[in-house]
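Topology and contacts: notes
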Protein chains: 2
Amino acid sequence: MNNFKKVTVTDETRAELHDLLNLTGAEISVNTLPAGASVPFIHSHKKNEEIYAIIEGEGAAVIDSEKVSLNKGDWIRISPSAKRQFFASADKVLKYICIQVKENSLEDYTVNDAVI
Amino acid sequence: MNNFKKVTVTDETRAELHDLLNLTGAEISVNTLPAGASVPFIHSHKKNEEIYAIIEGEGAAVIDSEKVSLNKGDWIRISPSAKRQFFASADKVLKYICIQVKENSLEDYTVNDAVI
């Protein structure tokens, strides 16, 4: 098990995968906001780009004062400096994945990084 | 829309998000293997750690000749050099997210990179 590690994420409120999977290039969290709830603070980042994927439910993000509706299948990239806050809708849960990576850290990828 | 970008991923076979979202720290793909199908090649990477999330269905990965069963909710980190191939089960689709990041590229994260 040196070259890979697996975990199963059940319906917890929040799972942080960096330490569970020994990640070295990202932190990834799996999050659930109950209906009517929000992340209780606005935040930005120093170095990290964030990518959010909506995996269930409905809600919204406010990013630099602009409201963005969120539904299952939506993916958003947010620049480090943008001020962001996430909200579940009044009557639906919002489940989402958040991926943190260092901005501009990716070099080659897919066919240019692969060995087949 | 300078500080963020949103796309909606529907049930396509494969969506690659790097160019759609102007990602700079990751490539992310959303993939569907039909029942009985597999990725038609074994591959490894030069620099990139890969993280896979199973979002629907059932299947398996073979990683350095070790078979790993896959079900919804499973997350796997795979080191660049590991040889990997993915398979849907005979009678179920396998839908998964693949996140490519440069190994060892993450510095601080979460509270140590956030500004609140």
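Everything that follows concerns the structure shown earlier in this document.
Residues numbered from 1 in each chain as written. Chains lettered and ligands numbered in written order. Predicted model: local features only at pLDDT ≥ 70, side-chain atom pairs only at ≥ 80, totals over all residues. Heavy atoms only, no water.

Attention now moves to the relation of the copies chain B and chain A. Between the two copies, chain B and chain A, the superposition gives an RMSD of 0.0 Å; the rotation angle is 180° and the shift along the axis is 0.0 Å. Taken together, the rotation and translation describe the operation of a two-fold axis. Within chain B, the C-alpha atom positioned nearest to the axis of rotation is that of B:Ser105, 3.1 Å from it. When the interface residues of chain B are mapped onto chain A, 100% of them again lie at the interface, so the same face is used by both copies. (Least-squares fit on C-alpha atoms with pLDDT ≥ 70 in both. Contact = heavy atoms within 4.5 Å.)

Residues and elements named next belong to chain A. One pass over the structure, following the stated rule, counts 6 aromatic pairs over all chains. Their ring planes at 15° and their centres at 5.5 Å tell us that Phe86 and Tyr96 sit as a pair that is stacked. Residue Phe86 is located in strand S8 (residues 84-88), and its partner Tyr96 is located in strand S9 (residues 94-102); the two are separated by 10 residues in the primary sequence. No difference in accessibility class separates Phe86 from Tyr96, as the two residues are buried. (Phe/Tyr/Trp six-rings, centres within 6.5 Å; stacked < 30°, edge-to-face > 60°. Helix = DSSP H or I, 4+ residues; strand = E, 2+ residues; numbered from the N terminus. Buried < 20%, exposed > 50% of the residue type's maximum accessible area, 1.4 Å probe, protein only.)

Another aspect to go through is the pairing of strand S9 (residues 94-102) of chain B. All names here are of chain B. A large share of S9 lies buried, amounting to 8 of its 9 residues. Sheet topology places strand S3 (residues 27-33) next to S9; 7 bridges connect them, and they run antiparallel. In the sheet register, Leu33 faces S9, and the bridge partner there is Leu94. Note that strand S5 (residues 48-63) and S9 share 9 bridges and pair antiparallel. Residue pairing in the sheet places Ile51 in a bridge with Ile99 of S9. (Pairing = 2+ DSSP bridges.)

Mapped onto the fold, A:Asp74 is located in strand S7 (residues 74-78). Relative accessible area serves as the criterion here: at 3%, A:Asp74 is assigned to the buried category. Among the polar contacts listed, one links the side chain of A:Asp74 to the side chain of B:Lys6, at a separation of 3.5 Å. Beyond its immediate chain neighbours, meaning those up to four positions away, A:Asp74 contacts A:Tyr52, A:Ala53, A:Ile54, A:Ser69, B:Lys6, B:Val7 and B:Thr8. (Polar contact = N/O pair within 3.5 Å; in protein donor to acceptor, adjacent residues only side chain to side chain.)

Each partner contributes residues to the interface: chain B has 64 residues there, and chain A has 64 residues. The largest contributions to the chain B side of the interface with chain A come from B:Phe4, B:Trp75 and B:Arg77, which together make up 14% of the buried area. Connecting chain B to chain A are 6 salt bridges. Its salt-bridge partner being B:Lys6, residue A:Asp74 comes within 3.5 Å of it at the nearest N-O pair. At the junction of chain B and chain A, the tally comes to 50 residue pairs in polar contact (both at pLDDT 80 or more). Of the residues assigned to the side of chain B that touches chain A, the class counts are 27 nonpolar, 20 polar and 17 charged. Sheet topology note: the strand S1 (residues 4-8) of chain A/strand S7 (residues 74-78) of chain B ladder contains 5 bridges and is antiparallel. Counterpart to A:Val7 in the pairing with S7(B) is B:Trp75. (Buried area = accessible area lost by both parts, 1.4 Å probe. Salt bridge = Lys/Arg side-chain N within 4 Å of Asp/Glu carboxyl O. Nonpolar A, V, L, I, M, F, W, Y, C, P; charged D, E, K, R; others polar.)

Geometry only, nothing functional implied.
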